[in-house]
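# Coordinate analysis (summary)
Next come the chains, spelled out residue by residue.
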Amino acid sequence: MRRHLQWSIKQLIASYSDGQLSPRRVTEEALQDALRWKTLNAFVRLTPEQAAQQAQDSEERYKLRQPISDLDGVTIAIKDNFCTKDVHTTCASRMLQDFVPPYDATVCSRLKQAGAVILGKTNMDQFAMGAGTVDSLYGPTKNIWSEDLDKDHWRIAGGSSGGSASAVAAGLCYAAIGSDTGGSTRNPASYCGVVGLKPTYGLVSRHGLIPLVNSMDVPGIFARSVSDCVAILNTVAGPDKLDSTTIRKPFTRLNLPEVGQIDLSTVRIGIPKEYHCHGLSAEVLETWSKVADLLECSGASVRQVSLPNTAASIFVYTILNQCEVASNMARYDGIEYGHRAADERSTEQLYALSRAEGFNEVVKTRILTGNFLLLKKNYDHYFEKALRVRRLIAEDFAKVFDSSAKEERVDILLTPTTLTEAPLYKDFASLTNRDQCAVQDFCTQPANMAGNPAVSIPIRLSRAGLPLSLQLMSNSLNEQLLLTVARWIEAQVEFDSLEHTQQYKASL
Amino acid sequence: MLRLLSKRFYCKIATKSNEKATKLDFKQLTHPTKVPQTPVDAEFPDTSASEIQIDTKTIQLLERLSLVDLDSERALATLKSSIQFADKIAHINTDHVRPLYTVLEHQQLQLRNDQVTEGDCRAEVLRNAKVTDEDYYVSPPGNIPLEQ
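Residues numbered from 1 in each chain as written. Chains lettered and ligands numbered in written order. Predicted model: local features only at pLDDT ≥ 70, side-chain atom pairs only at ≥ 80, totals over all residues.

Here we take up the overall build of chain B. For chain B, the helix and strand inventory stands at 4 helices and 2 strands. Along chain B, helices and strands appear, N-terminal first, in the series α-α-α-α-β-β. (Helix = DSSP H or I, 4+ residues; strand = E, 2+ residues; numbered from the N terminus.)

Moving on to the overall build of chain A. The helix and strand tally for chain A stands at 17 helices and 11 strands. In terms of overall dimensions, chain A is globule-like: its C-alpha atoms have a radius of gyration of 22 Å, near the 23 Å expected for 508 residues. Along the longest, intermediate and shortest principal axes, the C-alpha atoms of chain A span 65 × 55 × 50 Å. At a minimum sequence separation of 6, the contacts of chain A that also span at least 24 residues come to 77%. (Rg over C-alpha atoms; globule rule 2.2 N^0.38 Å. Contact = placed C-beta atoms within 7 Å.)

What follows is about the interface of chain A and chain B. The interface of chain A with chain B comprises 86 residues on the first partner and 70 residues on the second. For the side of chain A that touches chain B, the elements supplying multiple residues, two or more each, are α8 (282-297), β8 (301-305), α9 (310-328), α10 (347-358), α11 (361-374), α12 (379-403), α16 (479-493) and α17 (501-507) of chain A. Per-element accounting of the side of chain A that touches chain B gives the leading share, 11 residues, to α12(A). Along the lines of polarity and charge, the residues of the side of chain A that touches chain B split into 42 nonpolar, 19 polar and 25 charged. (Nonpolar A, V, L, I, M, F, W, Y, C, P; charged D, E, K, R; others polar.)

Time to look at the packing of α9(A) against α12(A). The geometry of a pair of packed helices is captured by two quantities: the angle between their axes and the separation between those axes. Residue and element names in this part refer to chain A. The interhelical angle for the contact between α9 and α12, taken along N-to-C directions, is 135°, at an axis separation of 9 Å. Judged by the angle between their axes, α9 and α12 are oblique. Along this stretch, α9 crosses α12, giving a crossing that reads as left-handed. Mapping the contact onto sequence places Ala312, Ser313, Val316, Ile319, Leu320 and Cys323 in α9 and Tyr382, Phe383, Ala386, Val389, Arg390 and Ile393 in α12. (Axes fitted to C-alpha atoms, helices over the stretch in contact; angles between N-to-C directions. Parallel < 35°, antiparallel > 145°, perpendicular 65-115°, else oblique. Left-handed = near helix turned anticlockwise from the far one by under 90°.)

The next thing to look at is the UniProt feature "active site" (unreviewed entry) in chain A. All names here are of chain A. Under the present numbering, the feature "active site" (unreviewed entry) in UniProt falls on Lys79, Ser160 and Ser184. Spanning 106 residues, the named residues form one tight spatial group whose C-alpha atoms are at most 11.0 Å apart. Considering the arrangement of structural elements, one finds lysine 79 in strand β2 (residues 75-79). Filtering out sequence-adjacent residues up to four positions away, lysine 79 remains in contact with Thr122, Met124, Ser161, Gly163, Ser164, Ile177, Gly178 and Ser179. Residue placement: serine 184 occurs in the loop between β4 (175-180) and α6 (186-192). Classification of serine 184 as buried rests on a count of 38 C-beta atoms within 10 Å. Ignoring sequence-local partners within four residues, the contact set of serine 184 consists of Ala128, Gly159, Ser160, Ser161, Gly178, Ser179 and Gly220. (UniProt positions renumbered as here; feature names shortened; annotations may be inferred. Buried ≥ 20, exposed ≤ 12 C-beta atoms within 10 Å, placed from the backbone.)

In a regular helix each residue adds 1.5 Å, so 14 residues correspond to 20 Å; α11(A) covers 20 Å between its end C-alpha atoms and thus fits that length. Counting buried residues along α11(A), 12 of its 14 residues qualify, which places the element largely inside the surrounding structure. For α11(A), every residue scored as buried is listed here: A:Val362, A:Val363, A:Lys364, A:Thr365, A:Arg366, A:Ile367, A:Leu368, A:Thr369, A:Gly370, A:Asn371, A:Phe372 and A:Leu373. Tucked into the core, α11(A) has its buried residues touching α9, α12 and α14 (433-440) of chain A together with α2 (56-66) and α3 (73-86) of chain B. (Expected span 1.5 Å × (residues − 1).)

So, about unusual backbone geometry. Following A:Gly159, the chain continues into A:Ser160 via a peptide bond in cis, with omega recorded as 10°. On the secondary structure map, A:Ser160 appears in the loop between β3 (117-122) and α5 (162-169).

Right, let's get into the sheet that holds strand β11 (residues 467-474) of chain A. Hydrogen bonding along the main chain pairs the strands of a sheet, whether they run parallel or antiparallel. Residue and element names in this part refer to chain A. Taken in spatial order, the 11 strands of this open sheet run β1-β3-β2-β4-β6-β5-β10-β11-β9-β7-β8, and their pairing is mixed. What marks the edges here is a single partner per strand, and that holds for β1 (43-46) and β8. Across the sheet, the mean angle separating the axes of adjacent strands is 30° when strand polarity is ignored. Alignment of β4 against strand β6 (residues 218-223), held across 6 bridges, turns out to be antiparallel. What sits directly across from glycine 178, in β6, is glycine 220. Packed on one face of the sheet, helix α7 (residues 226-236) meets β4, β5 (195-198), β6 and β10 (454-461) and runs near 145° to β6. (Pairing = 2+ DSSP bridges.)

Running from N to C, α11(A) and α3(B) point in directions that differ by 50°, and their axes come no closer than 10 Å. Comparing the axis directions of α11(A) and α3(B) gives the class oblique. When you trace α11(A) past α3(B), the crossing you get is right-handed. Across from A:Thr365, A:Leu368, A:Thr369, A:Phe372 and A:Leu373 in α11(A), the residues of α3(B) making contact are B:Ala75, B:Thr78, B:Leu79, B:Ser82, B:Ile83 and B:Ala86. Its residues assigned to classes, the contact of α11(A) with α3(B) comprises 7 nonpolar, 4 polar and no charged.

A separate point is the pairing of β11(A). The side chains of a regular strand alternate between both faces of the sheet. Residue and element names in this part refer to chain A. Here β11 lies mainly inside the structure; 8 of its 8 residues are buried. Where strand β9 (residues 412-416) lies against β11, 5 bridges are found, and the strand directions are antiparallel. Counted as the bridge partner of leucine 414 is leucine 472 from β11. By the bridge criterion, 7 bridges tie β10 to β11 in an arrangement that is antiparallel. Across the sheet, alanine 454 pairs through a bridge with methionine 473, a residue of β11. The antiparallel hairpin formed by β10 and β11 contains 5 residues in its connecting segment, where glycine 465 sits at a positive phi of about 80°.

Shown next as structure tokens:
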């Protein structure tokens, strides 16, 4: 294992500046490691030539002592639903298997402008519809924490951004970009033992992110520490002319206090009781209780609160997801881009066959269900109804964060991220896609309903040696406090994201 | 084994400023816990028994709208169960609650002027089409209803 992988981005940058390491060497090693860890299936495509060029450019800047940012020369991976100029962007689907975007997503262009080295594109569930990274054209992604990566005993990485999470957990890159519609960043972060941030809706541009559910999609960030996560957020966040749904308020770069300087005595933590749902494992419950206790010991006020509409959220999420999917997927017809079937009888026939061949069963079912729920006779009963309940869910958050009586307000909510450690692939694959998502997204999708930021941080290992994580949520645009508290917890629990047995096996 | 040890060594260096604290005991709590120790149940009606009728006409309409086949018994069963799943929120009282279309509803979002800001990218845009003729996309004859 490479010694520099233990370092933070800040330390890496410092070693570039003093000449101890070079962006070219780190990039070359990362590309070698990615090949060595092919069995994880984290990447669907590596971009060695572009990466080498970016690393070379970065190295020259360091030679001139003029790095352009605090991400200059840092290796990063991008989920394959972000458009990358002249690099295939497939959404892990047959539909977009040959799609080569002529432009960069804003997230990618900002990373490139900051001098980051982009190693390649990571695996995902087809069109980000899933919670396991098991429904990909390129096959499932494996979790590096699995007891056994070979036989039938490997664990899923979670999803839908499982490739990005897996790449960061395996030390193939320092950070990765994912997307989060209902938990697609936090869920795999939780299973893979890395930090996963879903920023406030509208804080990070969606331009070039192939849409799933426009009103909930946000680019997500994976890293091995909270401060690395902040470095990425500071680079990609802020208004974008190319996405009219970005928040127009200028973004102020986050600057977290050092751990020793963090004072939690004025911080109010809420424990939303409804997040203890059926299926929550005893170990996650124990972890949740312990961290709440640690916060209380540090002087934070910790109280139980109620978000009464939590359990309805998964149903609302499923309805809205299917409806927006039905609309979003209408663009794929095989004419301008995407898979084109060999059927020239009529336009409609070509559309239908291209879609039949290009989409998997999960995508098709969501389109059909979405269109059923949107039929004129059903529109009010399902779609509008779901949007009304969505307001109740968002109001639950608003009440605890700002509109209730002052003594009842809280600043941060502490909850589980996923209900269990990473499941075995064979157990997970026996469920339907809907049940996979309904169980695994229970704690994560409410934040997407309301647009709040949420972060998953790894806390400890389960008895089976797998990461257990917790989620923190805050009011919109309060990433500063959210990540400060996350950083404090991180320092208390000292979870080592690279301490997996696979690495030990490899290093023996 | 040597490499394993050396890795440990680096670990220590990386965290030197923050000496490994005594290992946390997750069973040990100082305060009465605020985390509910038993599941907080929410009641939702069981909709799995309700009969979902979808007639042939509706199926054909859905197929036309979706341009996706609903051809197997399994696909139909999945559709029906998804509808039952969606029925779970029907009982929730939403009188006088307005739909929430976007979480940015209180913000003035940016609208740009209706002006061309980029262009001269015909080749780049067309290169993703499978069939083109000179500068045009090519599609088979239109206005022919889908065979069903």
